[in-house]
Each structure stands twice: as C-alpha cells, then as structure tokens.
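One-letter residues, chain by chain:
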Amino acid sequence: MYPPPAPARRDFISVTLSPGRSYDGGQGLRRRSCWRKWKQLSRLQRTVVLFLLVVVMLFGLLSYVHVADEWTAVDSRSAAAGQMRPANPPVLPAPQKAAENPEAMAGLSPQKPQRHFRRGPPNLQIRAPDGDPQERRQDRAQRRAEVVGEAGWGAEAQRDGLSWRGAGTKPQQGTEPPGKKAELPARPSPRAARIQANPAPQNERQKAVVDAFLHAWAGYRKFAWGHDELKPLTRSFSEWFGLGLTLIDALDTMWILGLKKEFQEARNWVSKRLLFQKDVDVNLFESTIRILGGLLSAFHLSGDILFLKKAEDFGNRLMPAFRTPSKIPYSDVNIGTGVAHPPRWTSDSTVAEVTSIQLEFRELSRLTGDKKFQEAAEEVTRRVHALHGKLDGLVPMFINTNSGSFTHLGVFTLGARADSYYEYLLKQWIQGGKKERQLLEDYLEAVDGIRKHLLARSEPRKLTFVGELNHGRFSAKMDHLVCFLPGTLALGAHHGLPAEHMELAQALMDTCYQMYRQMETGLSPEIAHFNLHHTKAVKDVQVKAADRHNLLRPETVESLFYLYRLTGDRKYQDWGWEILHSFNTYTRVPSGGYSSISNVQDPRHPQPRDKMESFFLGETLKYLYLLFSDDPDLLSLDTYVFNTEAHPLPIWAPS
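Residues numbered from 1 in each chain as written. Predicted model: local features only at pLDDT ≥ 70, side-chain atom pairs only at ≥ 80, totals over all residues. Heavy atoms only, no water.

Where an unreviewed UniProt entry is consulted, the protein appears under the name alpha-1,2-Mannosidase, with the organism given as Bos indicus x Bos taurus. Heading Sequence similarities (unreviewed entry) of the UniProt record for the protein holds this comment: "Belongs to the glycosyl hydrolase 47 family." Among the UniProt annotations of the protein, the heading Pathway (unreviewed entry) holds the following wording: "Protein modification; protein glycosylation." (UniProt positions renumbered as here; feature names shortened; annotations may be inferred.)

Structure below.
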C-alpha cells in the first residue's frame, strides 16, 4: 500500500585543485561576471558604450594637444618678450598700500547695477568664473609669460638707475613705417620713457585739474573698479564691452599728470585682469580709439612692454572685422569667437568709424613689424578716396560693407558719423612724416568744401559756425562734436598748411566758446541751432529740449589746447578755466566722480544723468591739464599726434 521509502540523499563538496594557481580573492570570478554582463547587453547598448569611450579618448587627446600648445606659446612669448624689451625702460615704483581693496569694493556696491543698453551687452563679468579651467589656464600662462618677460626688464632698468618721472616728451627719432619684411620689433627711445630732468612744477590751474581727476578716479576706484564706466549717483557701474574702458582710457592721463600710485595700481589690473578671451561684441571704432589707442600710448610714455603685448593681442582680435566683400570693415566684432557683423538694423557702417582707426593700426604695425594691421586699415582709406558721391571733398555719413559704396547720399555734416574722417586725413599725413600726398590733397579739398557749402554766420554776434547740408538744403545745426575742427585746422596750419586755416580756426573757436558762454550753467548743449535772422533779444545759440544735455565732452577744450599752444593767447586758458569751474559746479558728485547732465539751461536743476563717460578722464581732463601748461615740450606737437581719443602717438619722422 505504501510506496517504498526514498533512497537516502548524499551531499558532496567538489574541490578542484589546479597546479601553479593560487586563490586571487575572487577577481577572476568578477572578471567573468563583468564579461557575462557585457554579453547580456543588447547590441545597441554595447554600441553606445563603445561610442562614449571613443569620445572620451578623443577629448583627452585634444586636451593634451591644447596644453602642449599653451606651453609652446608661453615659451615663444617669453622669447619674444626678450626681443621686444625696450632699451633702458623706466622702473615704476611699487604703489603705496591702498586704503581699501577696489576689487572687493566693486563687489560691494551699495546698489545693484542697472541694465545698460548701448551698443555693447549689459552687465558682463570682468573676470571669468572660477569654474572655467580654460580661462584659468590662459590666465596662468599669461602671468608666467609676464613674469619671464619682466624679470630681466626690471633688473636692467635698475642697473641703469632710471626712475618714474612723468610724461615722456620725445619718441624715437626718424622711425619709419614697417617694411615688407619684418625685422625686430621697434623699441621706444629712452627719451619716450621719462620727462626732462627738471620737469616744470604744476601751476595752480593744473593742480585743480589733478584734483578733479583724483575726485573722478576715487569714485571709479571705489564703485566701478575694473568695469567700463562709473554711475556716480547710484554708486555703481555700467558695462559696454566689459574691458575696463575708463581704466584703460585714463592710463596715459595718469602718467602725464604724474600720478604714480594710481598708474601702478591700474597697470597691475591690466596685467592680471585684462583678458580678451571672452565672448563679447565690441564696436571696432570705439574699442580701437579707446583700448588699442590707450594701450599704445601707455606703452610709448612708460616703456612698459606689457601694454604693447596687450595691444597686439587686442589688435589681432579686431582683424576679423575687415573680412568683408568690400574690405570696408563691419562695425562690430566678437573678440572671443572672431565673428564680425554689421549692426542689427543695417548692413552699413558709418564713414567716421571705418576711417578713424588708421592711426592706431598703422602704429601697431610699426611697433610689431606685422604689416597686416596697417595694410587692412590703409585699404579702407584707399577705397574711400576713390568712391563717388562726395561733394567737393565732403563725404556722406554711411558706407555699405557689401558693395563698398556710400549710402544715404546727399547728406553732409561734420558732426556725428562723419567728423573724425576729416581729422584722420590730416593726422595720418602728419603721423607718416608728411609724405602721403593723397591724404593731404583729400584734406585740403574737404576744407574747401566746408568753406563753400557748410559755413554760415549767426545773428546778432556774427558767429561763424559749421552747419549741415541735406539734399541741397542748409540747416543751421551744429553738434558739439564739430568743435574738434578749430584744433584740427590750427594743427594743420602749424604743419605748414595755409594761414587762412588758422583764421578759420580762431573764428570757430569763438563760436564753440559761445556755445558754453550763452548757457545758464556755462556748459554747452550736445547740439546747438544758430539764429540766422535779425531779431532783438534773441541769442545766437538756440537749443531744443531734446538737445540740451551735456556729456562731459572734450572737443572744445581740445581745440582750446591747440589754439593756446600754437598762438600763446592766454584768453584760451581763461576760457578753459571757466569750463572747468562749470564742470565742478554742476557735474561734480560729492561721493566721487562727475555726471553728465540733462539740462544745461537750468542751473538750479541740471538733472544729472548718473553717467561718467570714460572720455572725461581720457580726454577732457587731459586736454585741460595740457591747456594750462606753459611747457611747449610737454607732448610737443612736432613729436606727437593725438588720436581722436586724445591718446598721443609718435610722429614717425618728426619735423
């Protein structure tokens, strides 16, 4: 009935012994387990894993090549620094310890910076975030190159016993433009790095300018250090390019004014913080005259090779702007990506912008021996010279970057968008040693065109002014920007052009002064309209509500400097003194800095605009200081030519 009992179960343990092998802690089992897991993956999964491994290996290889190139670049820059080291450069003394850390203060601004809309992007970082290894590697490489390049330079200067003495007065004599074959980079003369053994002491008016500069600089240093521009009322800053515009614009001003500590501190910022490898669009014209011009001028005055290296780096980053079908450059270029483009709203560039970069690019070629900068800029000059659409030497305001032709024909002005075209015709001719005949002929023809088409006289004081022509119709409108013209005409007369140019310069200088004198605040509006009719109790200078702001512009004091330097008439100094007094009365902000104002006709409520343009330190105060100097050898007009941002560059073959 019952099934037979199951046989008894026996358990066995099998042990396999292999001779010559030992226990490996289970690693073999783990290897076999990984292999089984790999075989269990689908074909798609295995393909994805293999692809990711290949990508990682490629990135590793590229990173290795990049790092190797960086070290090679460091070695080459170090060798180049040895070649480019100036002869007998000065030794800059270490600045005194600052009362506060400006970089820390920049981050502790009392008010969050507002958005700033201009041609540049708002609120850029000045230094790259710490998490970006690429930026950190470039920063370290740059610092290594500077240490290598400057170690021998400082020792050599100490051996020669040079010291920081202020503005230089004499660049290398008889320098020539770069030849077809670049030899060693040009070196500044020792005389370009120091002032005379016994510099003239500052007079009371110059001391007042120094005081104004220090007040403006204190606000910038405390509230906007390393940023583009100070907003003095809100004690914050605004950004345009994110490249420390005010600091770079003011470098040569500090040198000329003898501000050693401030110059050295700014120089340290340029060395450690001014990095151009950033994704940001810059305006070709504005960045050339302010940054490139400022760095070149600082190099010439101080002899410090750091500024030339920075200038060459920046110049290379601007070159993509010239890659257009017509060789007329785009208005904007990204200095990080190398992508250039016209403004968003048009394919045109302004004539003044594309024809007012030549002084800087030509000088960069002369110093580096690389002719590409000069060739690109001079090609623009040649093409504009040959264009149709001019009126007796006067040019329209716009030029197309695709066709290379003028656009918006029939409109002629010496104000915005055309002004510095005429200025750079003369100054290129002077810079090149008065050898380029075509530049001179274009300038002389333009002056004749101004006389023929744009000059008129106001009522009741018979002030000579420069108006505008719009399709044959004359307008009695004159921008404050046009007040560069008296100084340019006087400079040309000094260099041998007709004496009638000086007569016109003096007449226009009177007009520009009246644009200040006839305003209740003693400050000029941005745009003036002149009365042409015999009417009692009416001033010559009329101002529209939209034009009555003042941006702390330099053009009038610039021309006052030229007129006083070349005539010796002290009334020009007195006029400049009145203007400085008005700046101090209506634009000075107690906490530091100066502000543009919105209403020059209301002394009780001038309506400050909370903005201090970089050119107030780079141009306005510099020209006032030079105006009040009685030393004709302080930046002699036979030795230096000023770019349109007041940065002095040497004349290649001084007369």
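Enquirer: Before we move on, can you summarise the packing of helix α16 (residues 485-494) against helix α17 (residues 499-517) with the specific residues and values?
Expert: For the pair α16 and α17, interaxial distance at closest approach is 8 Å and the crossing angle is 160 degrees. Relative to α17, α16 is oriented roughly antiparallel. Helix-helix and strand crossings are classified by hand; for α16 and α17 the assignment is left-handed. Residues L485, P486, L489, A490 and A493 of α16 pack against H501, M502, L504, A505, L508, M509 and C512 of α17. Class assignment for the residues of the contact of α16 with α17 results in 11 nonpolar, one polar and no charged. (Axes fitted to C-alpha atoms, helices over the stretch in contact; angles between N-to-C directions. Helix = DSSP H or I, 4+ residues; strand = E, 2+ residues; numbered from the N terminus. Parallel < 35°, antiparallel > 145°, perpendicular 65-115°, else oblique. Left-handed = near helix turned anticlockwise from the far one by under 90°. Contact = heavy atoms within 4.5 Å. Nonpolar A, V, L, I, M, F, W, Y, C, P; charged D, E, K, R; others polar.)

Enquirer: Give a description of the nonpolar core that names residues and reports values.
Expert: Ranked by internal contacts, the top residues of the largest apolar core, which has 160 residues, are W217, L247, L251, F361 and L414. For this core, the leading source of residues is helix α9 (residues 284-302), giving 10 residues. (Core = buried A, V, L, I, M, F, W, Y, C linked by side-chain atoms within 4.5 Å. Buried < 20%, exposed > 50% of the residue type's maximum accessible area, 1.4 Å probe, protein only.)

Enquirer: Summarise the pattern of salt bridges; cite the residues concerned and give the values.
Expert: Throughout the structure, instances matching the rule amount to 28 salt bridges. D510 is the partner of K571 in a salt bridge, and the nearest nitrogen-oxygen pair spans 4.0 Å. Of this pair, K571 sits in helix α19 (residues 571-586) while D510 sits in helix α17, placing them 61 residues apart in sequence. Judged by its relative accessible area of 28%, D510 is partly exposed. Three or more residues are tied together by salt bridges with common partners; here these are E229, E286, R290, K611 and E645. (Salt bridge = Lys/Arg side-chain N within 4 Å of Asp/Glu carboxyl O.)

Enquirer: Account for the side chain of H647, naming residues and giving values.
Expert: Tracing the backbone shows H647 in the loop between β17 (640-642) and β18 (648-650). Among the residues examined, H647 registers a relative accessible area of 0% and is labelled buried. A distance of 2.7 Å separates the side chain of H647 from the side chain of D252, its partner in a polar contact. In this structure H647 touches D249, D252, I289, R290, G293, G294, S297, K622, V641 and F642, once residues within four positions along its chain are discounted. (Polar contact = N/O pair within 3.5 Å; in protein donor to acceptor, adjacent residues only side chain to side chain.)

Enquirer: Lay out the sheet that holds strand β16 (residues 541-542) with the relevant residues and their values.
Expert: The strand order across the open sheet built from three strands is β14-β15-β16, with neighbouring strands paired in antiparallel fashion. In this open sheet, the two strands that pair with only one neighbour each are β14 (477-479) and β16. In the sheet, β14 pairs with strand β15 (residues 527-530) via three bridges, with the strands oriented antiparallel. Each residue of the ladder has a partner; that of M478, found in β15, is A528. Across the sheet, α17 lies against β14, β15 and β16, angled at about 105 degrees from β15, the strand it touches most. (Pairing = 2+ DSSP bridges.)

Enquirer: How would you sum up the packing of aromatic side chains? Please name residues and give values.
Expert: By the definition in use, this model includes 22 aromatic pairs. Ring centres 5.9 Å apart and planes at 85 degrees place the aromatic pair W217 and W225 in the edge-to-face group. The class for W225 is buried, based on a relative accessible area of 5%. Grouped by ring-pair contacts, the aromatic residues F213, W217, Y220 and W225 constitute a single cluster. (Phe/Tyr/Trp six-rings, centres within 6.5 Å; stacked < 30°, edge-to-face > 60°.)

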